[in-house]
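Take a look at the letters that make up each chain.
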Amino acid sequence: MNWLVATLVASYAETSTAKTLVFDVEGWPGHKPGQHVDVRLTAEDGYSAQRSYSIATPVAGNTVALTIQTVDDGEVSPYLTGVLEVGEQVELRGPVGGWFVWETTNPAPVLLIAGGSGIVPLMSMIRARVDSGRRTPFRLVYSVRSPDELLYGDELRDLPEGIDAALRYTRKAPQQYKERVGRLAPTDLVSESWSADRAPACFVCGPTGFVEAAADMLVADGHLPFRIKTERFGPSGS
Amino acid sequence: MAIVSKGFTGKRRGNDARTPPGQYLTEDFPVLSVGPTPRVRTEQWQFSIVSEMGETQRWNWNEMLALPAEKPTVDIHCVTKWSKLDTQWRGVSLDTLLAGVATTATHVMAHSHDGYTTNLPLDELRHGKAWLAYEYGGKPLHPEHGGPARLLVPNLYFWKSAKWVEKLTLLHRDEPGFWERNGYHDYGDPWQEQRYQGD
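Presented here is an overview of the structure given in this document. Keep in mind the model is a prediction, meaning the values are calculated, not measured. (Residues numbered from 1 in each chain as written. Chains lettered and ligands numbered in written order. Predicted model: local features only at pLDDT ≥ 70, side-chain atom pairs only at ≥ 80, totals over all residues. Heavy atoms only, no water.)

## Thoughts on the pairing of strand E2 (residues 46-50) of chain B
Residues and elements named next belong to chain B. To keep things clear, this is the line we draw: Residue burial is assigned from relative accessible area. The probe radius is 1.4 Å, only protein chains are included, and a residue is buried under 20% of its type maximum, exposed over 50%, and partly exposed in between. Elements are defined by DSSP. Helices are runs of H or I of four residues or more, strands are runs of E of two residues or more, and each kind is numbered from the N terminus. In short, DSSP must find at least two bridges between two strands for them to pair.
The element E2 is extensively covered by neighbouring structure, given that 4 of its 5 residues are classed as buried. Across 5 bridges, E2 lies against strand E3 (residues 56-60) in antiparallel orientation. Among the inter-strand pairings, Phe 47 is bridged to a residue of E3, identified as Trp 59. Adjacent in sequence and paired antiparallel, E2 and E3 are bridged by 5 residues, among which Gly 54 carries a positive phi angle near 90°. In terms of strand pairing, E2 meets strand E11 (residues 165-171) through 3 bridges, oriented parallel. Bridged to Val 50 within E11 is Thr 169.

## Describing the packing of aromatic side chains
The relation between two aromatic rings is expressed through the spacing of the ring centres and the mutual angle of the planes. For the record, the criterion: Side-chain rings of Phe, Tyr and Trp, where Trp is taken by its six-membered ring, are said to pair if the distance between their centres is within 6.5 Å; with planes under 30 degrees apart they count as stacked, over 60 as edge-to-face, and otherwise as tilted. In this analysis the charged atom, NZ for Lys or CZ for Arg, is taken to sit over a ring once it is within 6 Å of the ring centre and within 35 degrees of the ring normal.
A full pass over the atoms with the stated rule returns 20 aromatic pairs over all chains. Relative to Tyr136(B), the ring of Trp89(B) has its centre 4.9 Å away and its plane inclined at 65°; by these criteria the two rings are edge-to-face. On the criterion of sequence distance, the pair formed by Trp89(B) in strand E5 (residues 82-93) and Tyr136(B) in strand E8 (residues 131-136) is long-range, its members being 47 residues apart. Summarising the aromatic geometry, the rings of Trp159(B) and Tyr184(B) are spaced 5.2 Å apart at their centres and angled 70° between planes, so their arrangement reads as edge-to-face. Taken as a pair, Trp159(B) in the loop between strand E10 (150-152) and E11 and Tyr184(B) in the segment after helix H3 (178-181) lie far apart in primary sequence, 25 residues in all. Here the two residues Trp159(B) and Tyr184(B) agree in accessibility, since each one is buried. Grouping aromatic residues by their ring pairs yields a cluster made of Trp99(A), Tyr116(B), Tyr157(B), Trp159(B), Phe178(B), Trp179(B), Tyr184(B) and Tyr196(B). In this arrangement the basic side chain of Arg51(A) is found over the ring face of Tyr24(B), its NZ or CZ atom lying 3.9 Å from the centre. For Arg198(A), the ring lying beneath its charged end belongs to Trp194(A), and the centroid distance is 4.9 Å.

## Quick notes on the environment of Gly61(A)
Residue and element names in this part refer to chain A. Inspection of the secondary structure puts Gly 61 in the loop between strand E4 (48-54) and strand E5 (63-69). The class of Gly 61 is exposed, set by a relative accessible area of 52%. On a C-alpha basis, the gap between Gly 61 and Thr 187 in space is 40 Å, while along the polypeptide they are 126 residues apart.

## A look at the pairing of strand E8 (residues 138-144) of chain A
Residue and element names in this part refer to chain A. Operational definition: Place the viewer so that the strands point away; then a crossover is right-handed whenever the path from the first strand over the helix to the second strand goes clockwise.
Along E8, 7 of the 7 residues are buried, which leaves the element largely enclosed by surrounding structure. Side-chain alternation along E8 places Phe 138, Leu 140, Tyr 142 and Val 144 on one buried face and Arg 139, Val 141 and Ser 143 on a second face that is also buried. One ladder, built from 6 bridges, connects strand E7 (residues 110-115) with E8; its direction is parallel. Pairing of Leu 112 across the sheet is with Leu 140, part of E8. As a crossover connection, the stretch from E7 through helix H2 (residues 119-132) into E8 is right-handed. Here E8 pairs with strand E9 (residues 163-169) via 7 bridges, running parallel. When the sheet's bridge partners are listed, Leu 140 is paired in E9 with Ala 165.

And the structure:
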């Protein structure tokens, strides 16, 4: 897999700490929703650092859009979200990962469970479902700390029929929010219409603790482990 | 020719002699798995090695614990770019487990409780380079990290160190395992940066 030249063609803020960067990548081979890329930065003296980022949009020519959460103490993300300007270039390669992907042609219902910026690869799947014009039933449960950290809020409020998005706030909710504020509970994931009997393809993405808890809830509810795909990021204690 | 990123200097949180190219050091112990964490009870735990002739050696938990243990302190490197130095384990050397196995195999497929597989050259499991590990940091290995027992093959990227390992099958040829069929490298040497197929 070769390193490709990626030119930043657009960038916009999603929240106060997350930005979507749109790259034009010469020779991009295309990707599936859920895959990620490696981005490499090189300093003048030859030192380089690379990190993986999920792709936020389905395939569209040479365009690769990444939504990047700035990690305060990070090495690569503060540069990408704070220093890199439109017209400048980085190196990128991919797509990486052939497991955590949604195949547009798969007719099985899809249950997506996102914690924080774990929404990014799942949003790529939702957008692919919208673009495809298929009627595959989708349900998203998206757990986020506060309205300030909500990614893609406007788009999620305006989804076509057949895609149901449920927001869960863990610390602070907007005034009109009527649900319980707190961590994801089994009742958030388990509903009659989305029981294990329907055998949905489950995708869980977020910080490790969140993914562990959500995947355990699904297993306890009877979902077969092989139908539950997980992607974890960020530090973990134990 | 790499593209120089104007104004990028990097944090250089590495240790040049011990951190392979493209890696950064972490104090955390991130968790990566493809599905839910299996909870394998030691009473039901079993580990087997199946030779290319179909002969099977099998150990239950107590039989495995009765084998001579080693306490390797090793550096580990994940393909997702983190490296962790001086991790402390306890486990059985693969040399011990393979001692009674007659084989001329060149490769191994490791099979895990959750259906995960990964392929390795048999040579990377021998000569004091690999363990069946059941303790980390002086405590029983946590399920999130592959407990009750996982492979520990620190010379290769950590996806080769199969969590919840239950079987090794010896082979006369290399066959891709789970991640290898999904685009990752068949060998996975961190010092050669063998991350993906074709690297």
